Structures are given as C-alpha cells and as structure tokens.
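# Analysis of the macromolecular model
One letter stands for each residue in the lines below.
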Amino acid sequence: MQSDQFRPKCLEGFQSVSLPKGASVFRAGDPCRNFYLIESGSVRVDLVNSEGKSILLYRIGANETCVLTTSCLMSHENYSAEAVTETDVTALVVPRSEFQARLASSEEFRDLVFRSFSSRLSRLMAKVDEVSFASLNSRLAKRLLELAGKTDLVETTHERLAQDLGSAREVIGRKLTDWEKRGLIARHRGSIDILSRPALAVLCSQCD
C-alpha cells in the first residue's frame, strides 16, 4: 500500500506493518508494546463498557498517532479502550524500548510525540464538550454530512451512529424516523440518502 505521508528522520529505520480493514489493533486490558504512527488509512478508538456498549473516542488518520498509546507507554499502564481499523492501514511501528530511548535522546522525536499528543488531546476535549453541550440533532446532522462527503449517500447503521455520537440506537432510530417523515432523508438497509442538505445544515447549528 502506498504511504500518504513523509517519514520523519527520527523514525528512519523502523518497519511499517499493514493491517486489513476490520483488524483489531488493541483491546482493553492489553499491554502497550509499541508506538504507532499511521501512514495511511484510518483507525477508530472506542471505549467499551461492561455491557459491551461502545462510544467513539476518536479516529486516527495519516500522519497521526494514538494519544492513548502514548499515555500508556509513558505511564506503563494497559489499554483502557479498543482500536479497530476502519480501512486497510499501514503504520510505522516503534517498539516500547526504542520509544523510551528516543524520547530521552532525540529532541525531534520528543517534539513529534508531544505535538501529536497535544493536538489529539485538544480534539478529544472538544469532543467531550460537543457530547456534553451540543444537541443530538446538531451532532447527528453533522455526522451524516461528514459521512456523506460530497455525495448524498451515507453507508452506516443506527448502531454505528449511536456509537459515534455517544447515544442509544433506539434514540438515533427515532430521530431518523422523524427526519424521514419530514423528507430530510430516506433510509435503506445499511445506508441513508440525504434528501435535503440545507435542512441538515440548519440542524447542525441547533441548540437544545
């Protein structure tokens, strides 16, 4: 697979690994053995409770690292969430021993690690703020438009939308049913057609 990014000099000599779509990167309770820099593809990180319900924490794309992995490597703790590849992925792998050594000896490596950590932490805090204070209508409309991109087709399920937004599948289902009755969307098995982008755009700015 072709890489989407340049390789920093401080990471030269480390190998890349390839993972297929749907592969498990780590699970809750796993020890943290490697530092990863995603070169291409996308990985989603979810927090899963004891009942098996999950909520999306964040996604990792090209040129990005995992804030949870960095935290676990520095604190010597096991993972508290799980990560799964959303697409085929290539990632640069730095073993834990090398991570510790480079962190102590390379200013460039420290800058890469902490700059990425800070950026990801800021976005994670923004997500917490969004989940806490933005209306579900706003977040759901925004997510549908994000998934659709430049098309009007969203390939997803009620369950996945609920995980992405930190809600319940039944609640998402009721919202989508209402929007379908209003002519904003059309639902199909495994997909949703957006019929009115302007209406969803209005909902994006809606407050509780």
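## Some words on the packing of helix H4 (residues 136-148) against helix H6 (residues 169-181)
Closest axis-to-axis distance for the H4/H6 pair is 11 Å, and the angle between their directions is 75 degrees. On the basis of the axis angle, H4 is roughly perpendicular to H6. For the pair H4 and H6, the contacting residues are Leu136, Asn137, Leu140, Ala141 and Leu144 in the first and Val171, Ile172, Lys175, Leu176 and Trp179 in the second. When its residues are assigned to classes, the contact of H4 with H6 shows eight nonpolar, one polar and one charged.

## Quick notes on the sheet that holds strand S6 (residues 82-85)
Ordered by their spatial adjacency, four strands build an open sheet running S2-S6-S4-S5, and the pairing between neighbours is antiparallel. Strands with a single pairing partner mark the edges of an open sheet, and in this sheet they are strand S2 (24-26) and strand S5 (54-60). Neighbour-to-neighbour, the strand axes of the sheet open up by a mean angle of 30 degrees, direction not taken into account. Inspection of the sheet shows strand S4 (residues 43-48) paired to S5 by six bridges, in the antiparallel sense. Looking across to S5, one finds that valine 48 is bridged to serine 54.

Thresholds applied
- Residues numbered from 1 in each chain as written.
- Predicted model: local features only at pLDDT ≥ 70, side-chain atom pairs only at ≥ 80, totals over all residues.
- Heavy atoms only, no water.
- Axes fitted to C-alpha atoms, helices over the stretch in contact; angles between N-to-C directions.
- Helix = DSSP H or I, 4+ residues; strand = E, 2+ residues; numbered from the N terminus.
- Parallel < 35°, antiparallel > 145°, perpendicular 65-115°, else oblique.
- Contact = heavy atoms within 4.5 Å.
- Nonpolar A, V, L, I, M, F, W, Y, C, P; charged D, E, K, R; others polar.
- Pairing = 2+ DSSP bridges.

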